[in-house]
Structures are given as structure tokens and as C-alpha cells.
Amino acid sequence: MNWVVKTILACFLCVSVSPCLTAQQRPLITEDPRLVPNGALVMETGVRFDRQADFPLSGLKGDYAAIENGINVSLGPRAEFQINGILQDFLKVGDDWRNDWGDSALSTKIRLVPETPVLPVISFRTT
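Residues numbered from 1 in each chain as written. Predicted model: local features only at pLDDT ≥ 70, side-chain atom pairs only at ≥ 80, totals over all residues. Heavy atoms only, no water.

Participant: Please provide a residue-by-residue account of the overall build of the protein chain, values included.
Facilitator: Counting its secondary structure elements, the protein chain contains one helix and six strands. The linear arrangement of helices and strands in the protein chain, starting from the amino end, is α-β-β-β-β-β-β. Among the 127 residues that make up the protein chain, the fraction classed as buried is 18%. Of all intrachain contacts in the protein chain linking residues separated by at least 6 positions in sequence, the fraction that spans at least 24 positions is 41%. Within the structure as shown, the protein chain displays about 10,000 Å² of accessible surface, and the carbon and sulfur contribution to it stands at 63%. (Helix = DSSP H or I, 4+ residues; strand = E, 2+ residues; numbered from the N terminus. Buried < 20%, exposed > 50% of the residue type's maximum accessible area, 1.4 Å probe, protein only. Contact = heavy atoms within 4.5 Å. Areas by Shrake-Rupley, 256 points an atom, 1.4 Å probe, with all protein chains shown as cover.)

Participant: Let's hear about the pattern of salt bridges: which residues, and what values?
Facilitator: Side chains that differ in sign of charge can pair as their charged atoms come close. Within the structure shown, the criterion is met by five salt bridges. Notably, a salt bridge pairs Arg48 with Asp50, separated by 3.0 Å at the nearest N-O pair. Assessed through its relative accessible area of 24%, Arg48 is described here as partly exposed. A salt bridge links Glu68 to Arg48; its shortest N-O distance comes to 3.8 Å. Of the two residues, Glu68 sits in strand β2 (residues 60-74) while Arg48 sits in strand β1 (residues 41-55), which places them 20 residues apart along the sequence. Linked by salt bridges that have partners in common, Arg48, Asp50 and Glu68 make up one network. (Salt bridge = Lys/Arg side-chain N within 4 Å of Asp/Glu carboxyl O.)

Participant: If you had to explain the nonpolar core to someone new, which residues and values would you point to?
Facilitator: Inside soluble globular proteins, nonpolar side chains tend to come together where they are buried. The biggest cluster of nonpolar side chains holds five residues, and these are Ala53, Tyr64, Ala66, Ile86 and Leu91. Elements with a minimum of two residues in this core: β2 and β3 (79-93). Leave out the neighbours within four places in its chain, and Ile86 touches Tyr64, Ala66, Ile67, Glu68, Asn69, Gly102 and Asp103. (Core = buried A, V, L, I, M, F, W, Y, C linked by side-chain atoms within 4.5 Å.)

Participant: Lay out a nonpolar patch on the surface with the relevant residues and their values.
Facilitator: Together, Val47, Ile67, Leu87 and Trp101 give the surface a local cluster of nonpolar side chains, amounting to about 450 Å² of exposed area. Relative to the helices and strands, Ile67 resides in strand β2. (Patch = residues over 30% accessible without salt bridge, like charges linked within 9 Å, V, L, I, M, F, W, Y side chains within 5 Å.)

Participant: Could you give an account of the pairing of β3, with specific residues and numbers?
Facilitator: The pairing of β2 with β3 spans twelve bridges and is classified as antiparallel. Counterpart to Ile71 in the pairing with β3 is Ile83. The turn linking β2 back onto β3 is made up of four residues, and Gly76 within it adopts a positive phi angle of 135°. As judged from the seven bridges shared by β3 and strand β5 (residues 104-113), these two strands associate in the antiparallel manner. Counterpart to Asn84 in the pairing with β5 is Ala105. Bridge count between β3 and strand β4 (residues 96-100): five bridges; the pairing is antiparallel. Its bridge partner being in β4, Val93 is matched across the sheet by Asp96. Here β3 folds back onto β4 in antiparallel fashion, the turn holding two residues, of which Gly94 has a positive phi close to 65°. (Pairing = 2+ DSSP bridges.)

Participant: Account for the packing of aromatic side chains, with residues named and values stated.
Facilitator: Tallying each qualifying case throughout the model produces one aromatic pair. Measuring from ring centre to ring centre gives 5.6 Å for Phe55 and Tyr64, while their planes differ by 65°; the resulting arrangement is edge-to-face. Take Phe55: its relative accessible area is 29%, and that puts it in the partly exposed class. (Phe/Tyr/Trp six-rings, centres within 6.5 Å; stacked < 30°, edge-to-face > 60°.)

Right under this line is the structure:
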């Protein structure tokens, strides 16, 4: 087959398969590769609200609110320990509010390559 036929077949395949592909429900969560300063402890807290959230596994739909927190502890100049999670989450289904404890995560972040004027910082994080 010549390149024109291959190109037409590739375009047809992309167009015919694309309707059955779905995107993820929310944006990717990316972690900052920089570590907290040596000897530091950083505490974070926040509130999250999703209007008309859809949870397809349970079949629940409604307004979702959550109280999130995080603690980052420096383990030296090259590593940090993290505890992140949701303290409490709420889901309004119709006129009824439901609540539950959220998920928590324990993580360790290790700096592999320090930041230089030429290269960015590169870290490895296990959760």
C-alpha cells in the first residue's frame, strides 16, 4: 500500500474510534516536584465544591463538598513525607445530605535531580 492509502485508513480509524473514547472526569492532579525546605513542616487545608457531580460507580449525582487537608514534613535535603486526604465529604442528593470520611494517602517524595539553570528539578513520589 502506498502512503496515501495508509493516511486515509489512519484518518478513517481515528474518526470512527473517537466517539467511543471518553475523557477523564476531572483534570489530572499534578504534584509540585520541589521539596519543602529542610527542617520545615507545611500544613494545608482547603474546601472543594463540585456542582452536579456524577459518581458513575455508585450511581449518585448531586452537589459535592469536601474538606481537604495535607501535611508535608521534610526528611532532609533530599526527601519529604506527606499525609494528604479528605477529612469529611458531603453529597447532596435531592434534598438529602450524605456524608462520609474521604480517602487518605501516605507518600514519600525523593529528589533525584536538583534544579539548575539548565535542568528542572526531577522528583520521584511513591504513594
